[in-house]
Each structure stands twice: as C-alpha cells, then as structure tokens.
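# Residue-level structural notes
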Protein chains: 2
Amino acid sequence: MNDITLIVDDDATFNAVLVRAFERRGIPARGVTDAREVAAVARELRPRRVVLDLNIAGVSGLTLIPQLLEIEPGCHIVVLTGYASIATAVDAIKLGAVQYLAKPVEVDAILGAFDEADGTDEGEVDATVSSEPLSVDRLEWEHIQRVLREHDGNISATARALKMHRRTLQRKLAKKPVRS
Amino acid sequence: MNDITLIVDDDATFNAVLVRAFERRGIPARGVTDAREVAAVARELRPRRVVLDLNIAGVSGLTLIPQLLEIEPGCHIVVLTGYASIATAVDAIKLGAVQYLAKPVEVDAILGAFDEADGTDEGEVDATVSSEPLSVDRLEWEHIQRVLREHDGNISATARALKMHRRTLQRKLAKKPVRS
DNA sequence: GTTTGGTGAGACAATTCGCCGCACCCGATT
DNA sequence: AATCGGGTGCGGCGAATTGTCTCACCAAAC
C-alpha cells in the first residue's frame with residue numbers, strides 16, 4: 001500500500017505530461033510505458049491509485065485490471081482511452097475499474113474520479129468541487145490533434161478516421177486552437 | 001424469485017414488441033410503462049431478470065437499479081437506452097446492472113446478455129479494443145452527457161459550463177447519439 | 001506515362017448555430 | 001395572491017459553418 005499513483009500509458013509523451021501534472025499537484029506519480037513492466041512495478045510500489053490506458057502496445061489494458069487488483073486489492077483504477085466505446089467501458093467497470101474516461105481528458109477529471117471513488121464509502125454528498133470547463137470546441141481540437149498525430153499528420157486519413165469531411169478538417173485545422 | 005422477465009420501458013409500442021418477442025421464445029414477460037409502478041410490480045413478481053430502459057418519463061432509470069436490486073437481490077438487470085453514453089453506462093454497471101445496450105438492439109442481444117450473466121459469474125470479457133477513435137460528433141456527445149450528468153441533468157447549467165448556447169445544447173440533446 | 005493518393009483552395013447549397021422572443025412551470029419571497 | 005427568479009421547450013431568423021463538388025498541383029508507385 002502506497003500513496004503513489006501509477007500511470008500506465010505507452011504514449012511516452014502523454015505519460016510524462018500526466019506524471020508531471022500529478023507531481024505539480026503534490027501527488028507522487030510513477031509512469032510506466034511498457035505493459036510487461038506493469039505487474040513488476042505494481043508489486044514493488046503497491047499503488048493505491050492507477051491510471052490505466054487501455055490500448056497499450058496491442059495488448060488490451062483490460063487484462064491488466066484483474067492483475068492489478070490481485071496485486072493490490074482495493075486499489076482504485078481509472079481507465080483512460082483514446083478509443084473509447086461503451087462495450088469496453090462496461091467491461092472495464094465489470095472488471096473492477098472505478099471510472100472510465102475518454103481522451104482527451106483533463107487532469108482534474110482524473111483526480112475527480114479518484115476523489116469520487118474515495119468518498120463512496122462515506123456519506124457522499126457529491127459535492128464535486130472539480131471544475132469542469134473544457135468547451136466542446138477545445139475538446140474537439142485536442143482530439144483532432146491527437147488523431148492527426150496518430151496518422152502521422154495525414155489529413156486525409158485523419159478525416160476518414162474521424163468520419164469527417166476532409167474539407168471540414170482542413171478548415172478546422174486552419175483555425176487557431178480555441179481556448180478552454 | 002420468479003422466472004418471469006420484467007420489461008420496463010415507457011415506450012408502449014416498443015415495450016409490447018419486446019414482451020411479445022420474449023413470449024414467442026417461451027419466456028414469460030411482463031411489461032411496465034410507468035416508472036412509479038416498477039417497485040410495486042417488482043415486489044409482486046420478484047423477477048430474476050429485468051430489462052430496463054434508461055430514459056423513462058424524465059426520471060432517470062438509473063435510480064431504479066438499486067431499488068430493483070433491493071427488492072430482488074441478485075436479479076440480473078440489462079439496461080437499454082436510445083441515448084447511450086459512456087457516462088451512463090459506467091453508472092449503470094457500477095449500480096449493479098449486468099449489461100448496458102444501446103438501442104436499436106435485437107432481442108437476441110438482450111437474451112445473450114442475460115445468458116452471459118447467468119453462465120459466467122465473472123470471467124471472460126471480450127478484450128477487443130476498437131482500433132478506431134471516436135468521431136468528433138460522438139466525442140462531443142460523450143462529453144456533453146458527462147457534463148450533463150455532473151450537473152444533475154440541468155441543461156441550463158450544463159450549457160453555461162460548456163460555454164454553449166442553451167438552445168444549441170437543447171437541439172444537440174434532442175438528437176440521437178451518432179454511431180462510432 | 002499513367003495511375004493512385006495526398007493537399008490546398010474556390011464556390012455554393014444545406015445545415016447548424018447564436019440569439020432573440022415567448023409561454024409555461026415551480027418554488028421561494030413579498 | 002402576486003411576484004420574482006430560474007429552468008425548460010420551442011418557433012423564427014440572420015449569420016456562420018459544414019458538406020459536397022470542383023479544380024489544379026505534386027509525389028510516389030506501377
């Protein structure tokens with residue numbers, strides 16, 4: 001049992017960003033990018049909290065949930081994925097995750113999920129102090145950028161993946177990123 | 001405890017279709033269209049299986065899940081909704097539903113969900129993670145649903161948080177979620 | 001040389017958005 | 001009872017955005 005938060009995500013950049021964001025808030029965090037290391041690191045750290053990305057190098061992150069819970073029973077796992085679907089959300093919760101969030105997601109939302117999970121035992125009043133800004137425009141921008149990067153900047157392929165007209169994507173990209 | 005299946009859906013037509021489809025397969029079924037009757041009927045029938053539509057006459061069907069489980073502990077509840085979102089799916093499973101399906105859905109899928117819940121108490125979830133990202137429209141829908149839930153269904157407050165015009169939010173909510 | 005696929009951009013119709021108003025309901029206040 | 005504030009639903013209208021089609025250009029593959 002440890003107060004450190006384990007962050008599992010094979011996207012090294014995003015992983016590092018998350019770790020830094022956690023630490024900046026005074027929460028110790030440890031990033032893991034290789035699915036095969038997860039079990040070992042978890043056994044070493046016994047993390048009470050885990051941020052788990054679903055699509056880690058081919059292997060489904062879903063299989064890691066039972067493993068993590070066996071290593072540290074009662075630990076809170078928040079599942080994160082860029083390829084969200086209702087089916088995997090249902091599976092993740094059934095396997096014991098406390099929350100399932102679709103990328104892009106704000107760090108505060110992750111922390112909010114942990115807090116919510118912590119408070120469930122007590123008389124929760126759902127007094128969520130968590131700020132939930134992130135306009136839809138901003139969210140869209142983040143998502144587009146991520147998918148675009150995944151397709152190596154190929155606009156046509158990105159538009160297809162997003163089921164959006166290429167011309168529309170062109171126009172959106174031509175604009176500056178929207179704030180908040 | 002009873003082998004009858006309780007079908008809760010305020011859409012009388014769809015409800016009747018479901019009941020008939022179940023009975024044609026030799027499964028006794030009882031339809032309920034009024035959310036206020038659910039508790040009473042459940043206490044009378046003690047159904048082992050419940051098909052529960054989420055959006056019943058304004059009141060969220062989610063609140064019925066704990067009630068049903070209290071009346072008939074261990075009963076299997078399959079949640080059904082025309083306005084599927086990850087946020088409500090997560091909530092439904094956390095509250096104890098065994099499956100969450102988006103309309104339109106075939107009757108066989110519902111039966112399959114019950115069978116799956118019967119057969120394996122735990123285990124075996126298909127670990128297939130979709131390889132394609134959410135479309136921007138779908139992402140927007142998920143985000144809106146999540147924020148909306150955080151604001152207890154308050155549309156005005158949600159619109160404010162999203163920095164979006166209330167009228168626009170209304171119109172978006174009136175539409176069914178886009179696929180994929 | 002030709003085909004295939006990506007890119008940028010103009011033009012125009014269809015759709016959506018932002019914003020106005022109005023009516024209704026409900027609970028609290030006066 | 002009357003009023004006031006906030007939430008909700010919805011019609012309408014001008015402005016903005018999107019969908020679609022169209023070019024032309026370029027690079028790599030066949």
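Residues numbered from 1 in each chain as written. Chains lettered and ligands numbered in written order. Predicted model: local features only at pLDDT ≥ 70, side-chain atom pairs only at ≥ 80, totals over all residues. Heavy atoms only, no water.

Named according to an unreviewed UniProt entry, chain A is Two-component system response regulator RegA originating from Sulfurisoma sediminicola.

### Section: the UniProt feature "modified residue: 4-aspartylphosphate" (unreviewed entry) in chain A
Residues and elements named next belong to chain A. The test is simple: UniProt positions are given in the numbering used here, feature names are shortened, and annotations may be inferred rather than shown by experiment. Elements are defined by DSSP. Helices are runs of H or I of four residues or more, strands are runs of E of two residues or more, and each kind is numbered from the N terminus. Relative accessibility decides the category of a residue: with a 1.4 Å probe and only protein chains considered, values under 20% of the type maximum give buried, values over 50% give exposed, and everything between is partly exposed. Residue contacts are defined here by distance: any two heavy atoms, one from each residue, within 4.5 Å place the two residues in contact.
Here the UniProt feature "modified residue: 4-aspartylphosphate" (unreviewed entry) sits at Asp-53. As for its position among the elements, Asp-53 is in strand 3 (residues 47-53). The exposure class assigned to Asp-53 is buried, which follows from its relative accessible area of 2%. Those residues within four positions of Asp-53 in sequence are excluded, and the remaining contacts are Val-8, Asp-9, Gly-61, Leu-80, Thr-81 and Lys-103.

### Remarks on the packing of aromatic side chains
Where we set the bar: For this analysis, a ring pair means two rings from Phe, Tyr or Trp (six-membered ring only for Trp) whose centres lie within 6.5 Å, classed as stacked if their planes differ by under 30 degrees, edge-to-face if by over 60, and tilted for the remaining angles. Placement of a charge over a ring requires the Lys NZ or Arg CZ to be within 6 Å of the ring centre, with the centre-to-atom vector within 35 degrees of the ring normal.
Enumeration according to the criterion identifies one aromatic pair over all chains in this entry. Arranged with centres 6.3 Å apart and planes meeting at 25°, the rings of Tyr83(B) and Trp141(B) form a pair that is stacked. In this pair, Tyr83(B) sits in the loop between strand 6 (76-81) and helix 4 (86-95) while Trp141(B) sits in helix 6 (residues 136-150), placing the two residues 58 residues apart along the sequence. Judged by its relative accessible area of 29%, Tyr83(B) is partly exposed. The ring of Phe14(A) has Lys103(A) lying over it, and the distance from NZ or CZ to the ring centre is 4.2 Å.

### What about the pairing of strand 6 of chain B?
Looking along a regular strand, one sees the side chains alternate between the two faces of the sheet. All names here are of chain B. We count it as follows: Any two strands with at least two DSSP-identified bridges between them are counted as paired.
Of all six residues in strand 6, six are buried, a share of seventy percent or more. Covered by surrounding structure in strand 6 are His-76, Val-78 and Leu-80 together with Ile-77, Val-79 and Thr-81, the residues of both alternating faces. Pairing geometry for strand 6 and strand 7 (residues 99-102), over four bridges, is parallel. Counterpart to Val-79 in the pairing with strand 7 is Tyr-100.

### Here's the deal with the sheet that holds strand 7 (residues 99-102) of chain A
Residue and element names in this part refer to chain A. What counts here: Axis lines are fitted through C-alpha atoms, for helices just across the contact stretch, and the angle between N-to-C directions can take any value from 0 to 180 degrees.
Taken together, the five strands give an open sheet; going across it, the order is 2-1-3-6-7, and neighbouring strands pair in parallel fashion. Of all the strands in the sheet, the pair left with one neighbour each is strand 2 (29-32) and strand 7. Neighbouring strand axes in the sheet, compared pairwise and without regard to direction, differ in orientation by 20° on average. Inspection of the sheet shows strand 3 paired to strand 6 (residues 76-81) by five bridges, in the parallel sense. Pairing of Leu-52 across the sheet is with Val-79, part of strand 6. Against the sheet, helix 1 (residues 12-24) makes contact with strand 1 (2-8), strand 2, strand 3 and strand 6, and its axis sits at roughly 175° relative to strand 2, the strand it touches most.

### Digging into the side chain of Arg49(B)
All names here are of chain B. If you trace the backbone, Arg-49 turns up in strand 3 (residues 47-53). Overall, Arg-49 belongs to the buried group, its relative accessible area being 13%. Excluding its chain neighbours within four sequence positions, the residues that come into contact with Arg-49 are Ile-4, Thr-5, Leu-6, His-76, Phe-114, Asp-115 and Asp-118.

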